[in-house]
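# Summary of the model geometry
What follows is each chain in one-letter form.
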2 protein chains.
Amino acid sequence: MNEFDLIEKYFFRPAFQDNVIVGNGDDCAVVKAPAGYELAMSMDTLISDVHFDNSFSSENVGYKSLAVNLSDLAAVGASPAWVMLSLSLPAIDEKWLQGFQKGFFEHFNDYPMTLIGGDLTRGPLSITLQVTGFLPQGSAILRSGANVGDLIYVTHELGDAVLALHYLKKEKILIDSDAKKVLQRLWRPTARIKAGQLLRNIASSAIDISDGLYGDLTHILNASHVGAKIFVDQIPVSTCLEKQPKEFRRMAALHSGDSYELCFTASKNILFPELPCKITCIGEITEDLQIKIVDAAGIPISVMGESYAHY
Amino acid sequence: MNEFDLIEKYFFRPAFQDNVIVGNGDDCAVVKAPAGYELAMSMDTLISDVHFDNSFSSENVGYKSLAVNLSDLAAVGASPAWVMLSLSLPAIDEKWLQGFQKGFFEHFNDYPMTLIGGDLTRGPLSITLQVTGFLPQGSAILRSGANVGDLIYVTHELGDAVLALHYLKKEKILIDSDAKKVLQRLWRPTARIKAGQLLRNIASSAIDISDGLYGDLTHILNASHVGAKIFVDQIPVSTCLEKQPKEFRRMAALHSGDSYELCFTASKNILFPELPCKITCIGEITEDLQIKIVDAAGIPISVMGESYAHY
């Protein structure tokens with residue numbers, strides 16, 4: 001079976017969106033943006049032994065590779081529309097492809113998206129996805145919009161992914177039910193697409209937490225030319241992480257990558273619509289160009305660890 | 001230097017196109033298609049030791065990775081607009097990056113394009129590019145439009161890339177000036193962007209020749225439900241390839257990948273505009289669903305070799 005047969009067997013889906021004029025199978029996809037909309041575009045690569053390891057089933061690789069890309073759309077408030085997939089595999093492995101396809105489309109089918117192209121090549125295992133979403137004109141939530149006095153929020157809970165990694169390395173012992181929960185959070189993160197859409201015109205800035213809250217918030221602060229005060233013990237964590245010693249809990253909350261929750265800012269007086277996940281205020285935007293981490297009493301503290309660096 | 005510093009140092013260019021609202025540096029790029037235009041989108045991965053080897057300088061890798069992607073836009077007649085780049089490198093190697101950047105932007109600057117995002121990760125050397133081009137509504141040249149009786153054309157000359165590969169493997173000896181020419185064709189192919197644009201509303205179908213004329217023409221025939229008769233000795237080849245024995249010349253002309261010339265079909269009565277490269281008629285579209293290769297006398301012949309298979 002050659003590249004084209006494999007793509008057809010595993011990834012070809014007829015386009016059901018009228019914004020897709022030509023999908024998979026020509027030199028290019030031909031698509032059309034709806035009138036009055038801008039396009040949000042992102043691309044991310046996941047590499048074996050860098051972004052996922054042997055603990056991941058191919059189903060989880062498929063699920064997660066889409067989730068981390070959708071998460072970038074969520075961060076600007078866009079609605080997912082078109083996906084391109086470039087898959088590099090050392091050899092044809094239909095069992096692996098079946099699993100990948102299952103996990104990929106499980107998340108894919110949550111949204112009205114079309115897989116419009118890409119390629120399949122022989123090489124070290126890696127997945128590159130390029131995603132395009134729609135945004136009503138001028139509504140993108142950018143990193144550069146945070147204002148002094150804005151409050152800082154995160155969606156759901158942070159830190160479970162790093163607990164899962166410690167568990168996999170046998171550096172932490174967890175009861176089975178906790179292990180299952182945190183592994184699920186590492187293997188199958190949820191892109192906060194709906195929350196992102198509802199935060200358009202409400203959040204003043206946003207980013208998705210892929211490298212760690214501290215590192216990713218720094219991007220907002222740099223882009224907005226502001227600083228932040230973070231109440232570290234207000235960062236929401238799971239019941240699994242709550243059982244861990246305080247120092248580990250704080251490190252995980254501040255520095256765990258791979259959560260794909262949103263960190264966003266909003267004016268103090270904002271009224272939030274009903275969101276599909278909980279949000280928690282964890283601090284506020286300040287004038288001095290740094291992040292100050294404080295405990296419940298407002299006393300500055302230092303926390304071990306650092307956010308993920310790509311090199 | 002971290003990922004973000006490296007991206008900023010080597011790849012950040014301010015957007016000068018008013019269709020780019022937010023370029024590099026946020027979770028997504030935010031762009032806007034011009035009114036009345038469709039978008040052509042393509043994505044291709046180049047992997048070290050699969051798509052390029054040690055004979056390539058990083059400058060040539062940069063040049064070629066863009067060329068092969070632009071070539072897909074050329075095949076549908078689109079005008080290049082936005083590029084996303086995902087680069088995976090085993091380690092930070094600024095000398096390599098400098099070369100890559102030089103070659104990449106050398107080709108990039110031929111067109112009014114903006115590099116709107118991507119990522120840089122640690123991993124086996126590979127490059128994924130995603131390109132988006134503009135097309136006046138309904139003008140895409142597709143693989144599916146070839147009609148019985150149409151003539152088949154190719155741009156410029158085919159076959160030099162395979163001669164270059166034989167030279168590099170010391171299976172062919174070439175004089176220095178010929179070696180230089182064919183290596184240049186392997187390392188720095190030219191995407192036929194301008195020709196593709198001028199062939200909109202003229203060509204009935206088109207494809208770019210990446211795997212070999214025979215294999216790529218087959219995609220047109222399958223999509224159009226037609227066959228073809230090819231006069232193999234009419235396939236235009238370079239003066240370097242002309243010096244080779246007839247069997248090798250025919251094999252190279254029919255099966256050499258990596259030429260990135262266009263193969264297209266057009267009605268017999270068409271009047272061509274002035275194109276920026278020569279075009280040669282090499283055969284015609286037939287009713288029977290196969291490719292018949294014939295010599296100058298019209299006698300069917302078989303030619304050794306086959307087009308590139310991705311697995």
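Note: the structure precedes this text.
Okay, so let's go over this structure. None of the values given here were measured: they were computed from a predicted structure.

About the criteria used
Residues numbered from 1 in each chain as written. Chains lettered and ligands numbered in written order. Predicted model: local features only at pLDDT ≥ 70, side-chain atom pairs only at ≥ 80, totals over all residues. Heavy atoms only, no water. Pairing = 2+ DSSP bridges. Helix = DSSP H or I, 4+ residues; strand = E, 2+ residues; numbered from the N terminus. Axes fitted to C-alpha atoms, helices over the stretch in contact; angles between N-to-C directions. Contact = heavy atoms within 4.5 Å. Buried area = accessible area lost by both parts, 1.4 Å probe. Salt bridge = Lys/Arg side-chain N within 4 Å of Asp/Glu carboxyl O. Polar contact = N/O pair within 3.5 Å; in protein donor to acceptor, adjacent residues only side chain to side chain. Nonpolar A, V, L, I, M, F, W, Y, C, P; charged D, E, K, R; others polar. Buried < 20%, exposed > 50% of the residue type's maximum accessible area, 1.4 Å probe, protein only. Least-squares fit on C-alpha atoms with pLDDT ≥ 70 in both.

Hydrogen bonds between backbone atoms are what pair the strands of a sheet, whose relative direction is either parallel or antiparallel. Residue and element names in this part refer to chain A. In space, the six strands of this open sheet follow the order E8-E10-E7-E11-E9-E12, with mixed pairing throughout. Because the sheet does not close on itself, it has two edges, and the strands there are strand E8 (205-208) and strand E12 (291-294). Ignoring strand direction, the axes of neighbouring strands in this sheet form an average angle of 25°. In the sheet, strand E7 (residues 151-155) pairs with strand E11 (residues 279-286) via five bridges, with the strands oriented antiparallel. Within E11, the residue paired with valine 154 across the bridge is threonine 280.

Moving on: the interface of chain A and chain B. By a frequent convention, interface size equals the accessible area lost on bringing the separate parts together. Contact with chain A, which involves 63 residues of that partner, is made by 63 residues of chain B. Counting each side, the surface lost to burial between chain A and chain B is near 5000 Å², with a carbon and sulfur contribution of 61%. Linking chain A to chain B there are four salt bridges. The residue aspartate 27 of chain A makes a salt bridge to arginine 143 of chain B at a minimum N-O spacing of 3.3 Å. Run the count over chain A and chain B and you get 16 residue pairs in polar contact (both at pLDDT 80 or more). In terms of residue count, the dominant contributor to the side of chain A that touches chain B is strand E3 (residues 37-47) of chain A (10 residues). Split by residue class, the side of chain A that touches chain B holds 34 nonpolar, 17 polar and 12 charged. In this sheet, strand E2 (residues 29-31) of chain B lies alongside E3 of chain A in antiparallel orientation, the contact comprising three bridges. By the bridge assignment, methionine 41 of chain A is partnered in E2 of chain B with alanine 29 of chain B.

So, about the environment of serine 58 of chain B. All names here are of chain B. On the secondary structure map, serine 58 appears in helix H2 (residues 58-76). Among the residues examined, serine 58 registers a relative accessible area of 12% and is labelled buried. Distance from serine 58 to threonine 265, taken between C-alpha atoms, is 36 Å for residues 207 residues apart in sequence.

This part takes up the relation of the copies chain A and chain B. Mapping one chain copy onto the other needs a rotation about an axis and a shift along that axis. With an RMSD of 0.0 Å, the fit of chain A onto chain B corresponds to turning through 180° and sliding 0.0 Å along the axis. Look at the turn and shift together and you get a two-fold axis relating the two. Interface residue correspondence from chain A to chain B reaches 100%, placing this contact among same-surface, isologous pairings.

The analysis is restricted to geometry; functional conclusions fall outside its scope.
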